[in-house]
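Results of the structural survey
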Amino acid sequence: MSRRVIGFHYTLTDKAGTVIDSSVGDEPLVFLENSHQIIPGLEKVLVLLNVGDKRKIEVKAADAYGEINPEMIIKVKRTQFPPGANLQVGDQFQVNEDAHSPVFTVTELGADEVSVDGNHPMAGKDLFFDVELTTVRNATEEEIAHGHAHGAHGHGHH
Ligand code: ZN
């Protein structure tokens, strides 16, 4: 089955209406369908739209970046950090080299222990999108092989 590349403009707000992110004034975001490039709650609506369609889409946390997982909020002994590490609240680090391993954020500094949170910063948040579909085209062989879209016009990047 052929897969499509879909492009859209979006403005993302939280429950209070504060803008978190927007593509307006920039390039639209493009994604390859069924490749987990965008959050599932958004993709399942976008795939049904036609170019020019506008929608308001509410995505519950579970369908966006997931609920907050308390097991990902952990305390780590200071001795487990490199000696002389000048830890600050808000510092982020990955436990291993894998690009897909969770990013931990330092949330609290104790005398002997450091609290870190490995949840996605958007975990637990319901998201509100204003979207406008800008392009729909068939994916190229190369995009399907790479598992992601290569820009609205099919050029640019590796
Ligand atoms: Zn690629």
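Now for a quick tour of the structure.

Definitions and limits used
- Position labels on residues start from 1 in each chain and follow its written sequence.
- Local features are withheld for residues below a pLDDT of 70 in this predicted model, meaning they are given only at 70 or higher, and side-chain atom pairs are given and counted only at 80 or more; totals for whole chains, interfaces and linings count all residues.
- The side-chain values count all of the structure's non-hydrogen atoms but skip hydrogen atoms and water molecules.
- Secondary structure elements follow DSSP: runs of H or I of four or more residues count as helices, runs of E of two or more count as strands, with numbering from the N terminus.
- For every residue, the accessible area obtained with a 1.4 Å probe (protein chains only) is divided by the maximum for its type, and the residue is called buried under 20%, exposed over 50%, and partly exposed between those limits.
- By convention in these notes, a salt bridge is any Lys or Arg side-chain nitrogen within 4 Å of a carboxyl oxygen on Asp or Glu.
- Pairing of aromatic side chains requires ring centres within 6.5 Å, counting the rings of Phe and Tyr and the six-membered ring of Trp. Pairs whose planes differ by under 30 degrees are stacked, by over 60 edge-to-face, and all others tilted.

The phi torsion of most residues other than glycine is negative, and most of the peptide bonds are trans. Look at Asn 34: it is not a glycine, yet its phi comes out positive at around 60 degrees. Tracing the chain through its elements places Asn 34 in the loop between β3 (29-32) and α1 (40-46). The exposure class of Asn 34 is exposed, given its relative accessible area of 52%.

This part is about the pattern of salt bridges. This structure, assessed with the given rule, holds 8 salt bridges. With a closest N to O distance of 3.2 Å, Glu 33 and Arg 4 form a salt bridge. Of this pair, Glu 33 sits in the loop between β3 and α1 while Arg 4 sits in strand β1 (residues 4-13); the two residues are 29 residues apart in sequence, bridging distant segments of the chain. Judged by its relative accessible area of 24%, Arg 4 falls in the partly exposed class. Between Arg 137 and Glu 143 there is a salt bridge, with the nearest N and O atoms lying 2.9 Å from each other. Owing to a relative accessible area of 0%, Glu 143 belongs among the buried residues under this scheme.

A few words now on the packing of aromatic side chains. This model, assessed by the stated rule, comprises 5 aromatic pairs. Measuring from ring centre to ring centre gives 5.9 Å for Phe 8 and Tyr 10, while their planes differ by 50 degrees; the resulting arrangement is tilted. Look at Phe 81 and Phe 93: their rings are 5.6 Å apart centre to centre, the planes differ by 85 degrees, and that puts the pair in the edge-to-face class. Of this pair, Phe 81 sits in the loop between β5 (73-77) and β6 (92-94) while Phe 93 sits in strand β6, placing them 12 residues apart in sequence. Under the relative-accessibility criterion, Phe 81 is labelled buried at 13%.

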